[in-house]
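Topology and contacts: notes
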Amino acid sequence: MVEIDLHGLKHKEVEDTLESLLISYYNLDSFPIRVITGHSLTMKKLLTTAVVNQKFTMKEELHNSGATIVYE
């Protein structure tokens with residue numbers, strides 16, 4: 001499973017690039033994707049916005065609230 005780790009990125013960087021990354025991996029037929037947000041509420045919100053904008057679905061990883069799985 002492809003993994004995108006948002007640790008160390010600034011919120012603006014994530015806001016500017018996350019949707020493009022999701023689309024790229026979707027086009028490469030690399031879904032589902034594991035996105036590591038950590039426990040940052042802002043990162044989780046940015047991920048949610050990107051997922052909703054692209055009409056993908058997501059589910060928080062079981063036993064790890066700092067990671068989310070994004071599906072088609």
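See the structure shown above.
Summarised in this report is the structure supplied together with it. Fair warning: this is a prediction, and the values are worked out from it, not measured in the lab.

Conventions used here
Residues numbered from 1 in each chain as written. Predicted model: local features only at pLDDT ≥ 70, side-chain atom pairs only at ≥ 80, totals over all residues. Heavy atoms only, no water. Helix = DSSP H or I, 4+ residues; strand = E, 2+ residues; numbered from the N terminus. Rg over C-alpha atoms; globule rule 2.2 N^0.38 Å. Buried < 20%, exposed > 50% of the residue type's maximum accessible area, 1.4 Å probe, protein only. Pairing = 2+ DSSP bridges. Axes fitted to C-alpha atoms, helices over the stretch in contact; angles between N-to-C directions. Contact = heavy atoms within 4.5 Å. Core = buried A, V, L, I, M, F, W, Y, C linked by side-chain atoms within 4.5 Å.

This part covers the overall build of the protein. When helices and strands are counted, the protein shows 2 helices and 4 strands. Counting from the amino terminus, the protein carries its helices and strands in the arrangement β-α-β-α-β-β. Taken against the 2.2 N^0.38 rule, which gives 11 Å for 72 residues, the C-alpha radius of gyration of the protein at 11 Å falls within 12% of a compact globule. The burial tally for the protein puts 33% of its 72 residues in the buried class.

Here we take up the sheet that holds strand E4 (residues 67-71). Strand pairing in a sheet relies on backbone hydrogen bonds. The paired strands run either parallel or antiparallel. With respect to topology, 4 strands assemble into an open sheet ordered E1-E2-E4-E3, the strand pairing being mixed. A single partner strand is all that each edge strand has here, and the edge strands are strand E1 (2-5) and strand E3 (57-60). Taking each pair of neighbouring strands and ignoring which way they run, the sheet shows an average axis angle of 25°. Pairing of E3 with E4, which is carried by 4 bridges, proceeds in the antiparallel orientation. Bridge pairing links threonine 57 to tyrosine 71 in E4. The sheet strands contacting helix H1 (residues 11-27) are E1, strand E2 (33-36) and E4, and the helix crosses E1 at an angle near 175°. Those strands touched by helix H2 (residues 41-53) are E2, E3 and E4, and its axis lies near 150° from that of E3.

This next bit is on the nonpolar core. By size, the foremost hydrophobic cluster in this structure holds 15 residues, and its most contacted members are Leu6, Leu18, Leu22, Val35 and Val70. When contributions to this core are tallied by element, the ones reaching two or more residues are H1, E2 and H2. Element by element, the count of residues in this core is highest for H2, at 5 residues. Residues in contact with leucine 6, not counting those within four places in the same chain, are Val14, Leu18, Val35, Ile36, Thr37 and Met43.

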